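Architecture at a glance
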Number of protein chains: 2
Amino acid sequence: MKIIVDAMGGDNAPESAVWGGALAAQEYGEEVLLVGDPDRIMQVLRARGMENTSAVTIMPASDLVDMHDDPATVLRHKPDSSMAVSFKLLKAGEGDALVSAGNTGALLTGATLYGGRIKGIRRGALAPVMPCKGGQVMLCDAGANTECTAEMLLQFAFLGALYAEKINGVKSPRIGLVNNGTEDTKGDPLRKEAYALLKKAGDEGRLNFIGNVEGSMVPLGACDVAVCDGYSGNVMLKTIEGVAKFMAGEIKGVFTRSLAAKLGYLMCKKGLGSFREQFNQDKIGGAPFIGIAKPVIKAHGSSGEIAVMNAVRQAIAYTKSGMIEAVSENIAYMTIPE
Amino acid sequence: MKIIVDAMGGDNAPESAVWGGALAAQEYGEEVLLVGDPDRIMQVLRARGMENTSAVTIMPASDLVDMHDDPATVLRHKPDSSMAVSFKLLKAGEGDALVSAGNTGALLTGATLYGGRIKGIRRGALAPVMPCKGGQVMLCDAGANTECTAEMLLQFAFLGALYAEKINGVKSPRIGLVNNGTEDTKGDPLRKEAYALLKKAGDEGRLNFIGNVEGSMVPLGACDVAVCDGYSGNVMLKTIEGVAKFMAGEIKGVFTRSLAAKLGYLMCKKGLGSFREQFNQDKIGGAPFIGIAKPVIKAHGSSGEIAVMNAVRQAIAYTKSGMIEAVSENIAYMTIPE
């Protein structure tokens, strides 16, 4: 298996992408293709004595996509960028999966253009996994599609369920529809229509649909997959990140306000370490674009090397999982006859 | 001034509503009308020796609205419920403002039916205030309207700005449009259209519009008023509550996992108390329904007496503020010519 890593993507590129990719090659024994400026990549590898890692191959790309590039057009305008070259390798079958911490919009455009949607799937979705009470929850879609149809939400539910089961090992994942109330009459027309489709899939035993979930129920662990349109999913994802950051900052303040508090901190240090670890996104690594015919993993823009390494681990698991084939086999249940 | 308190509304009614109302009458020196079953109210007052509080008047209502009643029809079906009687008193001018911790949907229906919308305002909005880094942020709309037009979002922005300024004392409140990215091209058609309207109001100096805000920016204190449709506003509000609850629970776990941690807790107790206090919704009291021609305050369903007391304080401030008149004076800037 070969995992393509966009070595020039992300806030900490090329260091994090290169080191993370090389660490993954060492750790998981699969080949990693580092795509980018060969001199820069070699320099970064050398700085860690990793230049002779056997499972790492450098694939040259002279340009790069940055955060200011227009997502819709940059891959055409910058055909020699590390991201565009990565996608061409993926399309040509020279690699099995792609990992990038670069421009999210460009990556989604590329995933659809070069990876292609699975036949019958209307849109790819961004499906990050967030910590929640008792485990993790996948938000699907968290930002790829600001406008959705009910059929798309049904597809996101199936895609999320299959991913949670096959890659994250969740048995019979609980699917919740994010809504402004739990009653089955709640929501705008999109939510009402989606509810009916999800209910039917649940009644037929194809999805473990638990009904509507309010925003508060998602961080409290009510479901394994939270289904939403990309607009509100993005609002939810970012709100979770913002509140966690806000509260973590305030807690930090508690422990630095007096000498007693600083000593108190030392006495709780172990527990606080586990607490912090629970919210450590680096362990997760990245968010898959699901619904695409080849595995594409978006690592967080601020990923460090451990996050990239874990994103590669996820890409390997995704490639091995048979998830994409399972989507194709079940596509009849995910599409609405015209 | 007379504040009407629905004595039978909320999870802790009648105790919290009655004690909170009586405490407010003592504390703020305005008259409070307690609406509900006279015997129960008197019994609850007596339990605290409050039966002779001079500024408290009991207004009889023999029935009550509960959480299972259909919000759209209950006030018609239960004309003698404490909420229906409260609204009739408000409409008849026998009270200046209304506070209830009861069924949110029924309260909104009643606010529109009995309070009436301010002329030119399309819909009333629920506008709770949440703690955020450095202060508070008002979410507007947080659940009254699952479907919105761009004009409604423009109105929510003005309503929120006027409330933040006149009742909460925020000078030149910063207005953000909740969106899935900060760039001015972001969002679905609704957000793009609303952005253009808000930008224009900002350019004309009528609103301090700071642009799009992502979900993460709201808890981190980027704006004083976050403008959203009722669906995503509700998702945001509940997500904030859920993450705060989840993290608070995990932190509690940190301090109970060992003897050392318990001692550590004692050493940080003061700081942790302030931390908790910051997230104490009781201090805020309630969320106004704005855009309605009379002040209506929704106290949280689980409100205790202090929360109800503070909701009455807010109702008094709202009544005195001249906010409703200010909306009428500025209505031309909040409406789009057909």
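You'll find the structure just up there.
Predicted model only: the values in this text are computed from it and were never measured.

1. Describing the pairing of strand β12 (residues 296-299) of chain B
Residues and elements named next belong to chain B. Burial along β12 is two-sided: the face carrying Val296 and Lys298 and the face carrying Ile297 and Ala299 are both buried. Pairing analysis gives 4 bridges linking strand β11 (residues 286-290) to β12, with the strands arranged antiparallel. Residue pairing in the sheet places Pro288 in a bridge with Ile297 of β12. A loop of 5 residues connects β11 with β12, the two strands running antiparallel in sequence, and Gly291 in this loop sits at a positive phi of about 100°.

2. With respect to helix α8 (residues 230-256) of chain A
All names here are of chain A. In this model α8 runs 39 Å from its N-terminal to its C-terminal C-alpha over 27 residues, within 8% of the 39 Å that 1.5 Å per residue would give. In terms of burial, α8 is largely enclosed, as 19 of its 27 residues are buried. The opening residue of α8 is Asp229, an N-cap whose side-chain oxygen sits 3.0 Å from the backbone nitrogen of Tyr231.

3. Quick word on the relation of the copies chain B and chain A
Mapping chain B onto chain A is achieved by rotating through 180° and translating by 0.0 Å along the same axis, at an RMSD of 0.0 Å. A rotation of that kind, with that shift, is consistent with a two-fold axis. The position closest to the rotation axis in chain B is occupied by the C-alpha of Gly264 of chain B, lying 1.9 Å away. Mapped onto chain A, 100% of the interface residues of chain B again fall at the interface, so both copies present the same surface.

4. Side note on the sheet that holds strand β7 (residues 135-140) of chain B
Residues and elements named next belong to chain B. Taken together, the 5 strands give an open sheet; going across it, the order is β6-β7-β10-β8-β9, and neighbouring strands pair in mixed fashion. Pairing within the sheet leaves two strands with one partner each, and these edge strands are β6 (129-132) and β9 (208-213). Taking each pair of neighbouring strands and ignoring which way they run, the sheet shows an average axis angle of 30°. Here strand β8 (residues 174-178) pairs with strand β10 (residues 225-227) via 3 bridges, running parallel. Counterpart to Leu177 in the pairing with β10 is Val227.

5. Things to note about the packing of α8 of chain A against helix α10 (residues 269-278) of chain B
When two helices pack together, their arrangement is given by the angle between their axes and by how far apart the axes lie. Interhelical geometry of α8 of chain A versus α10 of chain B gives an angle of 155° and a closest axis separation of 9 Å. In terms of orientation, α8 of chain A and α10 of chain B fall into the roughly antiparallel class. Of the two elements, α8 of chain A crosses α10 of chain B, and the hand of that crossing is right-handed. Contacts between α8 of chain A and α10 of chain B involve Phe246, Met247, Glu250, Ile251 and Val254 of chain A on the former and, on the latter, Gly271, Leu272, Phe275 and Gln278 of chain B. By residue class, the composition of the contact of α8 of chain A with α10 of chain B is 6 nonpolar, 2 polar and 1 charged.

Quick notes on the rules
- Residues numbered from 1 in each chain as written.
- Chains lettered and ligands numbered in written order.
- Predicted model: local features only at pLDDT ≥ 70, side-chain atom pairs only at ≥ 80, totals over all residues.
- Heavy atoms only, no water.
- Buried < 20%, exposed > 50% of the residue type's maximum accessible area, 1.4 Å probe, protein only.
- Helix = DSSP H or I, 4+ residues; strand = E, 2+ residues; numbered from the N terminus.
- Pairing = 2+ DSSP bridges.
- Expected span 1.5 Å × (residues − 1).
- Polar contact = N/O pair within 3.5 Å; in protein donor to acceptor, adjacent residues only side chain to side chain.
- Least-squares fit on C-alpha atoms with pLDDT ≥ 70 in both.
- Contact = heavy atoms within 4.5 Å.
- Axes fitted to C-alpha atoms, helices over the stretch in contact; angles between N-to-C directions.
- Parallel < 35°, antiparallel > 145°, perpendicular 65-115°, else oblique.
- Left-handed = near helix turned anticlockwise from the far one by under 90°.
- Nonpolar A, V, L, I, M, F, W, Y, C, P; charged D, E, K, R; others polar.

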